[in-house]
Amino acid sequence: MQNILITGGAGYIGSHICIKLQENGYQPIVFDNLSNGHRDAISNDIPFVEGDIRDAAALNKVFEDFRPAAVIHMAALIEAGASMVEPARFYEVNTAGALNLLEAMRRNACKHIVFSSTAAVYGNRDAGLLSESLEVSAENPYGRSKAMVETMLGDYASIYGFHAIALRYFNAAGADSMGRTGERHDPETHLIPLVLQTAAGQRDHIKIFGTDYDTPDGTCIRDYIHVDDLADAHVKALGHIISSDHAASDIANIGTGEGCSVKEIIELCKEVTGQDFTVVEDSRRPGDPAKLVANPAKAKEMLGWQPKYPSPRQIIEHAWNYYQTNLLKS
Ligand SMILES: NC(=O)c1ccc[n+]([C@@H]2O[C@H](COP(=O)([O-])OP(=O)(O)OC[C@H]3O[C@@H](n4cnc5c(N)ncnc54)[C@H](O)[C@@H]3O)[C@@H](O)[C@H]2O)c1
């Protein structure tokens, strides 16, 4: 069984990937500083190392102890809004932290990596579906901190012989279809869990930031991708890089190709939960693009991946199921 090092594996998406890795015969090794993750989000049969990607010695020790065949690099600060206030932290963790990891990989002759990139690298485009061939033009330091890592991966591939795939996730959402793990960010900033918290009466109201965008209902449009489908894309990407020994650095969008507006998500949440609640319209937030929808053709062609749960309703149903059984208990 091959060991796969997963940085940030105790986080929302990471915990789903751990399940998928085990189901596909890999042994995940989680490295996470628990700044935003949860120890109990991963099962006890998965080796867990509490550590920070900025700590070169701690990373070195993980490579020596577990000799991973590949790395899935997810550890990062994730709030685009916070990056507009504290950019240095984002460059330190997301960019310098990634460089630290790449150097640990190089020292330990591990050359296969799947990197968690983001649709935020595209910025605000007046384009239809976003394809990987577009030039990156992130609107915020978060997106730029990730775009820089994509550039580094290109250099590590061409100069050091790495085989890397950067997956540009669109909006990860939902929960494990069997309810084993789900989204527990603190503070929560993602739309669907915030709306569900409002439906459950744990928030007074849900705010819409901006109703004057150039979109059919004036609210931002995003491409919501089920977290199980995202996890599946990682397993496929791993298989792709591990099975070939050549150097390459590829990028693939992970999205459905369909957009859904903030207002549409709120309406769907009302339908799924059967609850009505207060919606407050507020002004735009800086750095929020009007529309981000993937062209997912490359992931299909290169990885043989396509989403099993493309419907936002099903995404919300799985999220609500997890929320009710796990987060409303206390
Ligand atoms: N959630 C989304 O919609 C989305 C979209 C695009 C990209 N991404 C990327 O996917 C990855 C995972 O996102 P998520 O939503 O699961 O977030 P998350 O915050 O739940 O997971 C990130 C994990 O990284 C850990 N971490 C943070 N800084 C660390 C450090 N310095 N050292 C070690 N561990 C550290 C946190 O404790 C957490 O467990 C991130 O890289 C994020 O940028 C997420």
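Residues numbered from 1 in each chain as written. Predicted model: local features only at pLDDT ≥ 70, side-chain atom pairs only at ≥ 80, totals over all residues. Heavy atoms only, no water.

## Examining the overall build of the chain
Scanning the chain from N- to C-terminus turns up ten helices and 14 strands. The C-alpha atoms of the chain give a radius of gyration of 19 Å, which matches the 20 Å a tight globule of 330 residues would have. Along the first, second and third principal axes, the C-alpha atoms of the chain reach 55 × 45 × 35 Å. The burial tally for the chain puts 55% of its 330 residues in the buried class. For the chain, the share of sequence-separated contacts (at least 6 apart) that also reach a separation of at least 24 residues comes to 78%. Of the roughly 13700 Å² of accessible surface on the chain, 47% is carried by carbon and sulfur atoms. Distance from the positive charge centre (29 side chains) to the negative charge centre (43 side chains) of the chain: 2 Å. (Helix = DSSP H or I, 4+ residues; strand = E, 2+ residues; numbered from the N terminus. Rg over C-alpha atoms; globule rule 2.2 N^0.38 Å. Buried < 20%, exposed > 50% of the residue type's maximum accessible area, 1.4 Å probe, protein only. Contact = heavy atoms within 4.5 Å. Areas by Shrake-Rupley, 256 points an atom, 1.4 Å probe, with all protein chains shown as cover. Lys, Arg positive; Asp, Glu negative; His and termini not counted. Charge placed at Lys NZ, Arg CZ, Asp CG, Glu CD.)

## Digging into the site of the ligand
Every one of the 31 residues lining the ligand counts as a neighbour, but D32, N36, M74, Y142 and K146 are closest to it. In the environment of the ligand, an oxygen atom lies 3.1 Å from a nitrogen or oxygen atom belonging to the backbone of G37. The separation between an oxygen atom of the ligand and a polar main-chain atom of M74 is 2.7 Å. Protein chains shield 97% of the accessible area of the ligand, which is 820 Å² for the free molecule. Elements with a minimum of two residues in the shell around the ligand: α1 (12-23), β5 (112-118), α5 (141-160) and β7 (171-173). If you tally residues by element for the shell around the ligand, the top one is β5, at three residues. (Near = heavy atom within 4 Å. Polar contact = N/O pair within 3.5 Å; in protein donor to acceptor, adjacent residues only side chain to side chain.)

## Observations concerning the domain arrangement of the chain
Taken domain by domain, the chain consists of domain 1 (3-173 + 225-254) and domain 2 (191-222 + 257-327). Averaged C-alpha coordinates put domain 1 and domain 2 at centres separated by 24 Å. Contacts between the two partners involve 31 residues from domain 1 and, on the opposite side, 23 residues from domain 2. The contact between domain 1 and domain 2 buries some 2300 Å² in all, and 64% of this surface belongs to carbon and sulfur atoms. A per-residue breakdown of the area domain 1 buries against domain 2 is headed by L129, H226 and D229, which together make up 22% of the total. On inspection of domain 1 and its partner domain 2, the count reaches zero salt bridges. On the surface where domain 1 and domain 2 come into contact, there are ten residue pairs in polar contact (both at pLDDT 80 or more). Those elements giving two or more residues to the side of domain 1 that touches domain 2 turn out to be β6 (163-169), β7, β10 (224-226), α7 (227-243) and β11 (248-254). (Domains from an automatic or database assignment. Buried area = accessible area lost by both parts, 1.4 Å probe. Salt bridge = Lys/Arg side-chain N within 4 Å of Asp/Glu carboxyl O.)

## With respect to the sheet that holds β11
Across the sheet, seven strands lie side by side as β3-β2-β1-β4-β5-β6-β11; this open sheet has parallel pairing. Two strands bound the open sheet, and with one partner strand each, they are β3 (48-50) and β11. Here the strands of the sheet are splayed against their neighbours by 20° on average, with no regard to which way each runs. Pairing of β6 with β11 involves seven bridges; the strand directions are parallel. From the neighbouring strand, A164 faces β11, where its bridge partner is S249. In the packing of α7 onto the sheet, the strands contacted are β1 (3-7), β4 (70-73), β5, β6 and β11, and the crossing angle to β6 comes to about 165°. (Pairing = 2+ DSSP bridges. Axes fitted to C-alpha atoms, helices over the stretch in contact; angles between N-to-C directions.)

## Quick look at the side chain of K270
Checked against the element boundaries, K270 lands in helix α8 (residues 262-273). Look at K270 and you get buried, because its relative accessible area is 17%. Setting aside its immediate chain neighbours within four residues, K270 contacts Q275, D276, F277 and V279.

## A look at α1
Compared with the 16 Å implied by 1.5 Å per residue over twelve residues, the 18 Å span of α1 between its first and last C-alpha is a close match. Among the residues of α1, Y12, I13, G14, S15, H16, I17, C18, I19, K20 and L21 are the ones counted as buried. The inward-facing, buried residues of α1 abut β1, β2 (27-32), β4, β6, β7 and α7. Trailing α1 by a residue or two, G25 shows a phi angle of about 80°, which is positive. (Expected span 1.5 Å × (residues − 1).)

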